[in-house]
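Structure assessment
Given next are the chains, with one letter for each unit.
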Amino acid sequence: MKIFMDTANVEEIREFADMGIVYGVTTNPSLIAKSGRTQAEVIPEICALIPGPVSAEVISQDCEGMVKEARELVKIADNVVVKIPCITEGLKAVKILAAEGIKTNVTLVFSLGQALLAARSGASYVSPFIGRLDDIGQDGSKLVEDMVKVFRNYQFKTEIIAASVRNMAHVDRMMLAGVDIATIPTKVLRELIKHELTDKGLAKFMEDYRNSLK
Ligand code: E4P
């Protein structure tokens, strides 16, 4: 499972890129707003830090507008992937962009049916939202587990990005499901690094080392 960072905060991305664990990045209009900067400022900086896929989302909701925005976004850097919402106009845009060789990430996916349509329209990536399904009492991770099976059965080339990841249990289930990618917020990545026995064990090793010098 490849790790993407789900943030538009360049400092956070730099910190984790230094550990060599970040393969790509996903952003959305909410994450851009949270960064306090504009998409035009943030995306080039992220693309310079991370050579892998960096998703930047369109704002238009009609096919023509999305295609126009996408063509501009990919001029920023070679690794920009255009994030398109899973709506009728979005899937039309994905088809056009795929024919032009522009990579897309179909976002706001909440069902197997939507995932199938996204893959068939030519999306490079599809992003099911785990946490938001959990929020309405469904099992978001189960959707991704099912998607992995379906995509393998039909040998779809579209990669699955598990999105809306909220906790370590989500990450564990995504790994076990064999999903291609999980896009993980910084807070959860920090939790993944930590284990109380690591801290305790390290403190004991240091104590024993100091004692051995006496
Ligand atoms: C990433 O592609 C998604 O936009 C993001 O994971 C959504 O996460 P949220 O449901 O926590 O806002």
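Here, every reference points to the structure presented above.
This write-up is about the structure you can find in this document. Owing to the predicted nature of the structure, the values given are computational and were not obtained by experimental measurement. (Residues numbered from 1 in each chain as written. Predicted model: local features only at pLDDT ≥ 70, side-chain atom pairs only at ≥ 80, totals over all residues. Heavy atoms only, no water.)

1. A short note on the sheet that holds strand E5 (residues 104-109)
- A barrel is described by the order of its strands in space; here eight strands give the closed sequence E1-E2-E3-E4-E5-E6-E7-E8, paired in parallel fashion. Strand-to-strand, the axes of this sheet are offset by a mean angle of 30°, without reference to chain direction.
- In this sheet, strand E4 (residues 80-85) lies alongside strand E3 (residues 54-57) in parallel orientation, the contact comprising four bridges. Its bridge partner being in E4, Val54 is matched across the sheet by Val80. (Pairing = 2+ DSSP bridges. Helix = DSSP H or I, 4+ residues; strand = E, 2+ residues; numbered from the N terminus. Axes fitted to C-alpha atoms, helices over the stretch in contact; angles between N-to-C directions.)

2. Concerning helix H6 (residues 112-121)
- Within the span of H6, buried status applies to Ala115, Ala118, Ala119 and Ser121. Down the axis of H6, the smallest arc covering the buried residues is 165°, so these residues share one side.
- For H6, the secondary structure elements touched by its buried residues are helix H5 (88-99), E5, strand E6 (125-128) and helix H8 (140-153).
- Within two residues after H6, Gly122 carries a phi angle of roughly 105°, on the positive side. (Buried < 20%, exposed > 50% of the residue type's maximum accessible area, 1.4 Å probe, protein only. Arc of directions from axis to C-beta. Contact = heavy atoms within 4.5 Å.)

3. Observations regarding the site of the ligand
- Looking at the ligand, the residues that line it are Asp6, Thr26, Asn28, Lys83, Phe129, Arg132, Ala163, Ser164 and Arg166.
- Between Asp6 and the ligand, the recorded distance is 2.5 Å, taken from a side-chain N or O atom to an oxygen atom.
- A distance of 2.7 Å separates an oxygen atom of the ligand from a polar side-chain atom of Asn28.
- Considering the ligand on its own, with 350 Å² of exposed area, one finds that the protein chains cover 85% of that surface.
- Comparing atom positions with the cavity grids shows the ligand to sit within the largest pocket.
- In terms of residue class, the shell around the ligand is made up of two nonpolar, three polar and four charged. (Near = heavy atom within 4 Å. Polar contact = N/O pair within 3.5 Å; in protein donor to acceptor, adjacent residues only side chain to side chain. Areas by Shrake-Rupley, 256 points an atom, 1.4 Å probe, with all protein chains shown as cover. 1 Å grid on protein atoms, 1.4 Å probe; cavity = no way out; pocket = protein on both sides within 12 Å on 5 of 7 lines; lining within 4 Å. Sits in = over half its atoms within 2 Å of the grid points. Nonpolar A, V, L, I, M, F, W, Y, C, P; charged D, E, K, R; others polar.)

4. Remarks on the pattern of salt bridges
- Applying the stated criterion to the full structure yields 16 salt bridges.
- Across the pair Glu11 and Arg14 runs a salt bridge, and its minimum N-O distance is 2.7 Å. Taken together, the residues Glu11 and Arg14, both in helix H1 (residues 10-17) and three residues apart, mark about one turn of the helix.
- Judged by relative accessible area, which is 52%, Glu11 ranks as exposed.
- The exposure class of Arg14 is partly exposed, given its relative accessible area of 34%.
- In this structure, Arg190 engages Glu15 in a salt bridge whose closest nitrogen and oxygen atoms are separated by 2.6 Å. (Salt bridge = Lys/Arg side-chain N within 4 Å of Asp/Glu carboxyl O.)

5. Here we look at the pairing of strand E1 (residues 2-6)
- Both E1 and strand E8 (residues 181-184) contribute to a ladder of four bridges, which runs parallel. If you follow Met5 over to E8, its bridge partner there is Ile184.
- Where E1 meets strand E2 (residues 24-26), three bridges bridge the pair, whose relative direction is parallel. Among the inter-strand pairings, Phe4 is bridged to a residue of E2, identified as Gly24.
- Once the chain exits E1 it traverses H1 before rejoining the sheet at E2, and the crossover so formed is right-handed. (Right-handed = clockwise from strand over helix to strand, strands pointing away.)

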